[in-house]
Amino acid sequence: MASPMFCVDKKPSNFEPYRFTLSAKFEQLARDELREEPEIREQSLTQLRDWIAKHPYIRKCRTDAVFLLRFLRFRKFSVPQAQAAIERYLAMRQTFPNWFQKLDSTDSQILETVDDELMTVAGRDEAGRTLVWIRFGRVNVERLNPIAILRYLMIFLEVLLDDEEVQVGGFRVWVDYTDSTLKQYGMWGISDFKLLMDAVNRSMPIRIREIHAVKLPRFAVAIANVMLSFATPKFKERIFCHSTVLESKSHFHESLWPKQYGGPQDSVELNRALRKLFCEKRDAILALDDMDIDVEHYSSLWNQSGHNNSDIDGGIAGCFRKLNVD
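Quantities reported herein were computed from a predicted structural model and do not represent experimental measurements.

J.: Account for the nonpolar core, with residues named and values stated.
T.: One finds I86, M154, F156, M204, F235 and F278 to be the most contacted residues of the largest nonpolar core, which totals 94 residues. Excluding its chain neighbours within four sequence positions, the residues that come into contact with I86 are L48, W51, I58, C61, L68 and F71.

J.: Give a description of the sheet that holds strand β2 (residues 119–124) that names residues and reports values.
T.: Read from one edge of the open sheet, five strands run β2-β3-β4-β5-β6, paired in mixed fashion. Because the sheet does not close on itself, it has two edges, and the strands there are β2 and β6 (239–242). Between one strand and the next, the sheet's axes are offset by a mean angle of 20°, whatever the strand orientation. Examined bridge by bridge, strand β4 (residues 171–176) and strand β5 (residues 208–214) share six bridges and lie parallel to one another. Directly across from D176, in β5, lies its bridge partner V214.

J.: Describe the pattern of salt bridges, listing the residues and the values that go with them.
T.: With the rule as written, the count across this model stands at 30 salt bridges. Note that D115 and R275 form a salt bridge whose closest N and O atoms lie 3.1 Å from each other. Here R275 lies in helix α14 (residues 267–280) and D115 lies in helix α6 (residues 108–115), a separation of 160 residues in the sequence. Assessed through its relative accessible area of 30%, R275 is described here as partly exposed.

J.: Give a detailed account of the UniProt feature "domain: CRAL-TRIO" (unreviewed entry) in the protein, specifying residues and quantitative values.
T.: The UniProt feature table records "domain: CRAL-TRIO" (unreviewed entry) at residues 109–269. Overall, residues 109–269 shows 45% helix and 18% strand. The separation of its end C-alpha atoms is 20 Å.

About the criteria used
- Residues numbered from 1 in each chain as written.
- Predicted model: local features only at pLDDT ≥ 70, side-chain atom pairs only at ≥ 80, totals over all residues.
- Heavy atoms only, no water.
- Core = buried A, V, L, I, M, F, W, Y, C linked by side-chain atoms within 4.5 Å.
- Buried < 20%, exposed > 50% of the residue type's maximum accessible area, 1.4 Å probe, protein only.
- Contact = heavy atoms within 4.5 Å.
- Pairing = 2+ DSSP bridges.
- Helix = DSSP H or I, 4+ residues; strand = E, 2+ residues; numbered from the N terminus.
- Axes fitted to C-alpha atoms, helices over the stretch in contact; angles between N-to-C directions.
- Salt bridge = Lys/Arg side-chain N within 4 Å of Asp/Glu carboxyl O.
- UniProt positions renumbered as here; feature names shortened; annotations may be inferred.

If you want it as structure tokens, here you go:
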């Protein structure tokens, strides 16, 4: 089944009424964590739509409720912060087309990466957070370069971001570095790290609640430090490092673990479902390219270094010191 297409006219003649369809659990979660109430939601959507319609630099943009709620929930219903997030998201998409444009989720290389089980959606935990497993050792360096991996990540996120449970609950990420090699780390450049951290910290409307890193090789710590020197302090606080898989397992309910790690989840079936979702969302993701903003006006956003050597000490090495991980 194809995903529905969305209008990018910034001043559509009418808007489809929004209906909240999530469970009572997610309704309470949205209220407690995001300050989301029906009246506030409607007022905020109206304000965003009026702002987009009058915006001198936004030429085309989705104005459907689910799209705008990505940003309102990302910024806990602060309309000014949601407005800034929309501008940054649109500007980044056009400033870096190698990352964000022509994202065909049915491209053979993309689907092969799905089949490699590099990233797997395991379901929701008891707090409503979407759990994503990442097995870094499965990065195929013969087939994938950093741009290809980052394009895959952007497709992965776009596929999930119109899911309102993901918007409300956010993500928990578990990264297993077992069997990873120097070549898998060495292919990344400073500019790749900087843009990746900008995307996950500021430009993509994603709520990463926790990241659990398992068995990061000592030779990779310095590289990880450089990457995290571009991350926000809040992002760094959400990283937990573990020496072994067993040590990390206490942080997740056993029902969410894959069979490879002693749990009940069938990663083959989960990735088959992800592959199907990629195919269903293809047209909707490609249609995001129809949105348009005057990128020249926002060029200064990515002309700042935002990095100094002292920041590197606060990277993943700090996580190891804090947690006493050997």
